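Chains, contacts and geometry: an overview
These are the residues of each chain, in order.
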Amino acid sequence: MLSMSVLLSVVSNFSLLRGVLSPEQICRRAKELSYTAVALTDTDNLYGLPEFLSGCRDYGLRAIIASQLSCSAGTVLLYARGNDGYRNLCRIISEKHCSEKFDIHESIKKDSSGLCGVSNERQVISSLHGILPLYYRITSLKAVPAWVKELNMKSLVIPQAVFSHASQYQTHRLLRAISLNTTLSALSSDQLFPCDALMRSPQQIYDRFEVFEEALQTTRQFGENLFSRDDFGQFIMPVFPDSHPNSAEVLRKKAFEGAKWRYGELSEAVVKRLGYELELIESKGFCDYFLVVDDIVKQSPRTCGRGSGAASIVAFCLGITNVDPIRYNLMFERFLNPGRTDPPDIDIDFAWDERDEVLRYVFERYGEEHTAMIATHQTFGTRMAIRETARVYGCTEQEISDVTRKIPWFAQLCQDDSQLEDELRSLPVARDLSLDPPWPQILSEAKKIIGMPSGIGTHCGGVVITPGPIREMAPVQYSAKGFPIVQWEKDGAEAMGLVKIDLLGNRSLAVIRDAIANIQEEGVEFDENSWDPQSDPQTMDLFARGESMGVFYVESPAMRLLQKKSGRGDFEHLVIHSSIIRPAANAYIRKYLERLHGASFEVLHPVFKEVLSETFGIMVYQEDVSRVAMALAGFSSEDADMLRKIVSKKARNRRFEDYKQKFFHGAAARGVSKSIIQEIWNMMLSFSGYSFCKPHSASYVQVSFQSAYLKVHYPASFMAAVLSNYGGYYSTQAYISEAMRLGIKVFPPDVNLSQINYRAAGNTLFVGLCQIKGLTHNAQNRIVERRRCDGPYRDMTDFMKRTNLDETDMERLLYAGAFDNLCRNINRSQQFWQMRSFYLGGRSGGSLPGLKPLTQAQYLSYQYKTIGFLTPHHPVTYVRYHARNSCIKIGQIDGCLGKMVTFLGWCITSKTVFTKTGDDMVFVTFEDESGLCEGVLFPDVYKRYAWLIAHHTVVLVKGKVTEEFGVKTVEISWLGRVRRVERLRG
């Protein structure tokens, strides 16, 4: 018997909406079947290559890099030998996706070195014969055609392998039906893989195809001699064209010039830190990277360099980052250290509406042939999987929505040990869910595709720049916006050696920019060069009171509560709070607050006194994991950083266990008891998932201080900028309510007073034309431009003649009340009559009919429908409840500690969390015209009233006022609809 130790073709789920196995599952199954090498052959892509290479390493397999290319003539398997084969395979796949007229013959003919082709389609073979080594593919027991022998071609036995178990065929059918937008019953066999396309053992393949003995012998030799490139991971650094190869010298000069700009007289500490960092950066070969990032940052006057790179004094002196790492004791080794194997990773935020222009600059400056963005692999979430599965089962959209709308986005479904139907029924919001047949079958099938790749998108900001042609280093295709993207996600791209630069959009930078511009337009002098918001007492006081709605990164209910409970508003404490707020740190937040307010405590180990002195012996930042590992368990800086990275990625694999054992043994060898080691380890594990390093927190807090300073000193300009940039955590109504509570008068849209965006004048906020739903951009621009050129509009007729808007845009302006100030002697009904008359033939003269004005209820209804909020008063004030006299205002809650209270609340946000026992509970933020309050529904109450929690509605709330660290919240016991609501009063 021949030994068939190489599996030459398997399809993964990265053959989108076709394959069912992940690359890791393929590698595991190949190992179980006793293969020594395996080839992943997805169609027209290498999406799964990084995961495939990782799986092969984990299971001791040799990875063969390949892909199945499709063309008008059919398909061909292309196998890559060595570096040349990989380079050409990437190039051909890129041309397949990026060329308007892809010709596989011409593409391979350009350079076929390192490539081998396999096909069983005559037209493909005829096209490619003679330009690369070519084989005929045997997939079944049919005789090899005579024309193959005439071409003197050898044959390879490569049956289709798609499933590890026959039961997966049904999942494949489901995916194909979703892809083809059809029902399961309408699928034909030619749209599917064969149901017996199983991964088979070498013995099974031999037994099945033993009649092709010569082909089996050729297949064995082909597989054993096929070695693909395997040296991935070496950094492919960008090159800064203006300085290379003298980049180190240029970087040093720029860094010291920047240091004088930042510090003036250079202290010994600054010079020493600069020298240390520059030496390490040069030794790692990262000088060009820093110069490229510096060049990109210079394209915008307002940026925020963040992430671990904010710990670098070189980055600070170049202006890439804006937080002084010496002043705030930021750990450079979290960013770079002598043993670190990762590339540098600097994240840069630009104003959200400037980022695309920066990206265009990058592609023009460095060339599209050297530049691409990073991809994201979209996957089936729970709701999407259920929706798509129901469609192929023939359910109507209404039937589907009745089920999926009951599934919160946060629901942690698809647990391996339970049925999806049972999990859905356990959700309080889905307690009345009807799941009659075929829904049990739909849910059973949907569960199998949750988490599978469903498409490809573009990473929010990741860019790679390569010294050579990028299409020869990675497969490239175009995004929906027309930018080239590599086919891998950020982790995969990094594993393949590509070095990412994150260029991200940040709304708060635009808020700061627009607020300052508004201030200066009013004639107020504002000098940013002497601006020091971190030292402003009023700004710190705002943070300490938790009154930071609208302020970047510190406006969420949880963050505002933490600020109130701490009573601290200085920069250093805010840096701590912006990192400790992560969900997994809840237990440590309480300990932190107790210690902050003077409670006596003992640290877990004496090492904590020094390492964690700033945070009272509690680990807060990602790098605290590294610091503790080094001080407590004797880790090197490289191993400590790797431990931090493994923990943060929640990877509970063999590597995780190895590092855990190393930590336990190292700490025990230094005399630490097992119980203390375990407690410290548990604290480390709280960093799994979402958490910040200190430089990142400090960078964001600096932006927070700038935002808060503007809110304190120029509230109308600040709120105008927040609203012009589409707010943040809350709805537009919530920000309008906040503006009113600050004493700002909100003026509705007005054709003579409103700009396109919101603007402030003194203490008045003018709603922008952009807020009117459905009003076209063309109409907005025309209104403002005609007014700028020819002065204010005199009346409606003048407006209609000068702007020449279509009737639909005019209607939207009227509904929004944009002419009420212009036409003070004409009520809204008469305005409509005048408009209709004009559009029916220009007959706008003569006396107006005596039409009734709108009632206030109608006025408010129109305003809410057209701009999404009310300007006269808060919506709660218009609700008349039969027992309103028994209700208190939210602003009175602080004086009701320990009492049961009842109030009418407008729900502006809610957050569902899970208790230790897995039960749901929810935190809700309510507001009225007098203030905000936070409420909590514990599991039993949540189960009864979850269905009543809807944003932007008025709810009757009953509960007990409780206090923690001096902050009042409401422990809710009952929610109810306002059952007797009268029409809004006139």
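Okay, so let's go over this structure. Just so we're clear, the structure is a prediction, and the values are computed from it rather than from any experiment.

**A few points about the packing of aromatic side chains**
- Applying the stated criterion to the full structure yields 43 aromatic pairs.
- Residues Tyr-276 and Phe-332 carry aromatic rings whose centres are separated by 6.0 Å and whose planes lie at 75 degrees to one another, so their mutual orientation is edge-to-face. Residue Tyr-276 is located in helix H11 (residues 268-284), and its partner Phe-332 is located in the loop between helix H13 (313-318) and strand E9 (347-351); the two are separated by 56 residues in the primary sequence.
- Residue class for Phe-332 comes out buried when judged on its relative accessible area of 2%.
- For the pair Phe-664 and Trp-681, a centre-to-centre distance of 5.9 Å together with 70 degrees between the ring planes defines the contact as edge-to-face. One end of the pair, Phe-664, is in helix H28 (residues 654-669); the other, Trp-681, is in helix H29 (residues 674-685), with 17 residues separating them in the sequence.

**Description of the packing of helix H23 (residues 571-580) against helix H24 (residues 586-596)**
- Here H23 crosses H24 at 160 degrees, and the two axes come no closer than 11 Å. As far as their axial angle goes, H24 and H23 are roughly antiparallel. The two elements H23 and H24 meet at a crossing, and its hand is left-handed. For the pair H23 and H24, contact is made by His-573, Ile-576, His-577 and Ile-580 and by Tyr-588, Ile-589, Tyr-592 and Leu-596, respectively.
- When grouped by side-chain class, the residues that make up the contact of H23 with H24 number six nonpolar, two polar and no charged.

**Quick look at the sheet that holds strand E19 (residues 920-928)**
- Taken together, five strands build a closed barrel; the order of strands is E18-E19-E20-E22-E21 and the barrel is mixed. For this sheet, the mean angle separating the axes of adjacent strands, direction not counted, is 50 degrees.
- Bridge count for E19 against strand E20 (residues 931-937) is seven bridges, and the pairing is antiparallel. Residue pairing across strands places Val-922 opposite Leu-937, the latter belonging to E20.
- On the sheet, helix H32 (residues 732-741) packs against strand E18 (900-914), E19 and E20 and is oriented at approximately 45 degrees with respect to E19.

**Let's talk about the sheet that holds strand E7 (residues 154-157)**
- The mixed open sheet is built from seven strands, whose spatial order is E1-E2-E3-E4-E5-E6-E7. Each edge of the open sheet is held by one strand with a lone partner, namely strand E1 (6-10) and E7. Along the sheet, successive strands turn relative to each other by an average axial angle of 30 degrees, direction set aside.
- Sheet contacts for helix H2 (residues 49-59): strand E2 (37-40) and strand E3 (62-71); angle to E3, the most-contacted strand, approximately 150 degrees.

**Some words on the nonpolar core**
- Core analysis: the biggest nonpolar cluster contains 127 residues, and Met-619, Phe-663, Met-684, Phe-799, Leu-813 and Phe-819 have the highest contact counts within it.
- Broken down by element, this core gets its largest block of residues, eight residues, from helix H30 (residues 694-713).
- Residues in contact with Phe-819, not counting those within four places in the same chain, are Val-751, Met-796, Phe-799, Met-810, Leu-813, Leu-814 and Gln-831.
- Counting residues in hydrophobic clusters, the runner-up holds 98 residues, among them Phe-52, Leu-61, Ile-104 and Leu-128.

**Notes on the packing of helix H33 (residues 777-790) against helix H34 (residues 796-803)**
- H34 packs onto H33 with a crossing angle of 105 degrees between their chain directions and a minimal axis gap of 10 Å. Relative to H34, H33 is oriented roughly perpendicular. Every residue of H34 that contacts H33 at Arg-782, Ile-783, Arg-786, Arg-787 and Asp-790 is listed here: Phe-799, Arg-802 and Thr-803.
- Per-class residue counts for the contact of H33 with H34 are two nonpolar, one polar and five charged.

**What to know about the pairing of strand E22 (residues 967-976)**
- Taking burial as the measure, the ten residues of E22 include seven buried ones, the bulk of the element.
- Where E20 lies against E22, two bridges are found, and the strand directions are parallel. Residue Val-936 lies in a different strand from E22, and its bridge partner there is Glu-971.
- Summarising the sheet, strand E21 (residues 954-964) and E22 pair through nine bridges and their orientation is antiparallel. Considered in E22, the bridge of Glu-964 is made with Val-967.

Conventions and cut-offs
Residues numbered from 1 in each chain as written. Predicted model: local features only at pLDDT ≥ 70, side-chain atom pairs only at ≥ 80, totals over all residues. Heavy atoms only, no water. Phe/Tyr/Trp six-rings, centres within 6.5 Å; stacked < 30°, edge-to-face > 60°. Helix = DSSP H or I, 4+ residues; strand = E, 2+ residues; numbered from the N terminus. Buried < 20%, exposed > 50% of the residue type's maximum accessible area, 1.4 Å probe, protein only. Axes fitted to C-alpha atoms, helices over the stretch in contact; angles between N-to-C directions. Parallel < 35°, antiparallel > 145°, perpendicular 65-115°, else oblique. Left-handed = near helix turned anticlockwise from the far one by under 90°. Contact = heavy atoms within 4.5 Å. Nonpolar A, V, L, I, M, F, W, Y, C, P; charged D, E, K, R; others polar. Pairing = 2+ DSSP bridges. Core = buried A, V, L, I, M, F, W, Y, C linked by side-chain atoms within 4.5 Å.

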